[in-house]
2 protein chains.
Amino acid sequence: MQEIHADNLNVRTVRNSKQRQAILDMLSRQQSHLSAEEIYQAVKVQHPKISLGTVYRNLEVLTETGQIDRTSFADGKARFELSLAGHHHHLVCMKCGDIENIITCPMAREITGIIESHDFRPMHHYFEIYGYCHKCQ
Amino acid sequence: MQEIHADNLNVRTVRNSKQRQAILDMLSRQQSHLSAEEIYQAVKVQHPKISLGTVYRNLEVLTETGQIDRTSFADGKARFELSLAGHHHHLVCMKCGDIENIITCPMAREITGIIESHDFRPMHHYFEIYGYCHKCQ
DNA sequence: ATCGCTGCAAATCATTTGCAGCAGC
DNA sequence: GCTGCTGCAAATGATTTGCAGCGAT
């Protein structure tokens, strides 16, 4: 019988695995925002036996540990990128699908004031702008 | 042989149907943002034979004609509401799931300026704030 | 009489999950 | 050795689509 310490209550140890490392390496070489399927295809080149399920499970762990960011887009797909960039928002091209980051954030004093006047406690937010990039106008 | 006028090139006539009207009626009695499944369940009360496929097809037509607005939320589900409210954004409660509209829009001069300096032509945008509503804090 | 719209069922797409064996620590 | 992680395959959930008949104009 194992003793119960605070340390092993609700604590899941996260191990390293070649697959998780491969996903992370791949995303650091990548500038763009990739869907789970795209990540799967790219990692498969070096790791032919990796499964899409494993990719999804790792994307979730990496999101929880804050190493990557997940964003849901209007097409109903989530896309992922390294967290390095810090907090930012997206310009999504409706023609070529390209996604560019902008570091400007709308959560300014004026807007947080309005939100709090609704008795709402904001935790996070999404701000995605859809339109046409310089190549596609 | 039918003559070809500009009027019937690429123009799809939209007819009225009891099902479409029922969906619209239902949404006007409703204040909240409903998923396709919720709309289906609600309309089924008066229209027991309506199918979920019909609901989806009508939601698409009504969105295209601008009578309703569709928004994709982070849970991967789209939700719908009458267009009456005009342009607005959402406060989404992460506990009870309630969605409140705010008419404040972050697309101010400062931000559109930054976007255009990226050579990007914005068409529309989403701004959703996730957090806790007054009941759930 | 068109042809858009319907119900039904099957198909598709993104994502999740059960399971038995393998692999970090 | 414990237990998290994997590949595989099947399950789930949201949404779409093929089809033959019905209904609005």
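Residues numbered from 1 in each chain as written. Chains lettered and ligands numbered in written order. Predicted model: local features only at pLDDT ≥ 70, side-chain atom pairs only at ≥ 80, totals over all residues. Heavy atoms only, no water.

Draft legend 1. Main features of helix α2 (residues 36-44) of chain B. All names here are of chain B. A36, I39, Y40 and V43 are the residues of α2 that are buried. All buried residues of α2 lie within an arc of 105 degrees about the axis, which places them on one face of the element. On its buried face, α2 sits against α1 (18-29), β1 (34-35), α3 (52-64) and β3 (78-82). (Buried < 20%, exposed > 50% of the residue type's maximum accessible area, 1.4 Å probe, protein only. Helix = DSSP H or I, 4+ residues; strand = E, 2+ residues; numbered from the N terminus. Arc of directions from axis to C-beta. Contact = heavy atoms within 4.5 Å.)

Draft legend 2. Summary view of the pattern of salt bridges. Residue and element names in this part refer to chain A. Per the counting criterion, the structure on display carries two salt bridges over all chains. Among the ionic pairs, D75 bridges to R79, the shortest N-O distance being 2.9 Å. The exposure class of D75 is partly exposed, given its relative accessible area of 48%. A relative accessible area of 14% means that R79 is categorised as buried. (Salt bridge = Lys/Arg side-chain N within 4 Å of Asp/Glu carboxyl O.)

Draft legend 3. Structural view of the interface of chain B and chain A. Taken together, the contact between chain B and chain A spans 33 residues of the former and 33 residues of the latter. Surface buried jointly by chain B and chain A totals about 3,100 Å² across both partners, of which 69% is contributed by carbon and sulfur atoms. Run the count over chain B and chain A and you get zero salt bridges. Our count for the contact surface shared by chain B and chain A stands at 16 residue pairs in polar contact (both at pLDDT 80 or more). Mapped onto the side of chain B that touches chain A, the elements with two or more residues apiece are β4 (89-93), β5 (99-102), α4 (109-116) and β6 (121-132) of chain B. Residues belonging to the side of chain B that touches chain A are distributed by class as follows: 20 nonpolar, nine polar and four charged. Direction of pairing for strand β6 (residues 121-132) of chain A relative to β6 of chain B: antiparallel, over a ladder of 11 bridges. Across the sheet, the residue bridging to Y132 of chain A is R121 of chain B, located in β6 of chain B. (Buried area = accessible area lost by both parts, 1.4 Å probe. Polar contact = N/O pair within 3.5 Å; in protein donor to acceptor, adjacent residues only side chain to side chain. Nonpolar A, V, L, I, M, F, W, Y, C, P; charged D, E, K, R; others polar. Pairing = 2+ DSSP bridges.)

Draft legend 4. Inspection of the protein's contact with DNA strand D at higher detail. Every one of the 22 residues lining DNA strand D counts as a neighbour, but S17, I50 and T54 of chain A together with R15 and Y56 of chain B are closest to it. Of all atoms in DNA strand D that approach within 4 Å of the protein, 65% are sugar or phosphate atoms. At a separation of 2.7 Å, a phosphate oxygen of DNA strand D approaches a polar side-chain atom of S17 of chain A. Between DNA strand D and the protein, one listed contact pairs a phosphate oxygen with a backbone N or O atom of A78 of chain B at 3.0 Å. The element best represented in the surface near DNA strand D is α3 of chain B, accounting for four residues. Considering only residue class, the surface near DNA strand D consists of six nonpolar, eight polar and eight charged. (Near = heavy atom within 4 Å.)

Draft legend 5. Fine view of the relation of the copies chain B and chain A. Of the transformation superimposing chain B on chain A, the axial component is 0.0 Å and the angular component is 180 degrees, with the fit at an RMSD of 0.1 Å. Such a turn and shift between the copies fits a two-fold axis. Minimal C-alpha separation from the rotation axis in chain B is found for F127 of chain B, amounting to 2.2 Å. The share of interface residues of chain B whose copies in chain A are also at the interface is 100%, consistent with both copies meeting through the same surface. (Least-squares fit on C-alpha atoms with pLDDT ≥ 70 in both.)

Draft legend 6. Quick peek at the protein's contact with DNA strand C. Contacts to DNA strand C come from 23 residues, most closely from R15 and Y56 of chain A together with S17, I50 and T54 of chain B. Restricting attention to atoms of DNA strand C within 4 Å of the protein, one finds that 67% of them are sugar or phosphate atoms. At a separation of 3.0 Å, a phosphate oxygen of DNA strand C approaches a polar backbone atom of A78 of chain A. Contact distances for DNA strand C include 2.9 Å between a phosphate oxygen and a side-chain N or O atom of R20 of chain B. Residue assignment for the surface near DNA strand C shows that the elements contributing at least two residues are α3 (52-64) of chain A together with α1 and α3 of chain B.

Draft legend 7. The arrangement of the domain arrangement of chain A in detail. All names here are of chain A. Under the domain assignment, chain A is made up of domain 1 (1-84) and domain 2 (87-137). A C-alpha centroid distance of 24 Å is found between domain 1 and domain 2. Counting residues at the interface gives seven residues for domain 1, matched by eight residues for domain 2. Counting each side, the surface lost to burial between domain 1 and domain 2 is near 610 Å², with a carbon and sulfur contribution of 61%. Here domain 1 and domain 2 share zero salt bridges between them. Taken together, the connections running from domain 1 to domain 2 amount to six residue pairs in polar contact (both at pLDDT 80 or more). Here the side of domain 1 that touches domain 2 is composed, by residue class, of two nonpolar, two polar and three charged. (Domains from an automatic or database assignment.)

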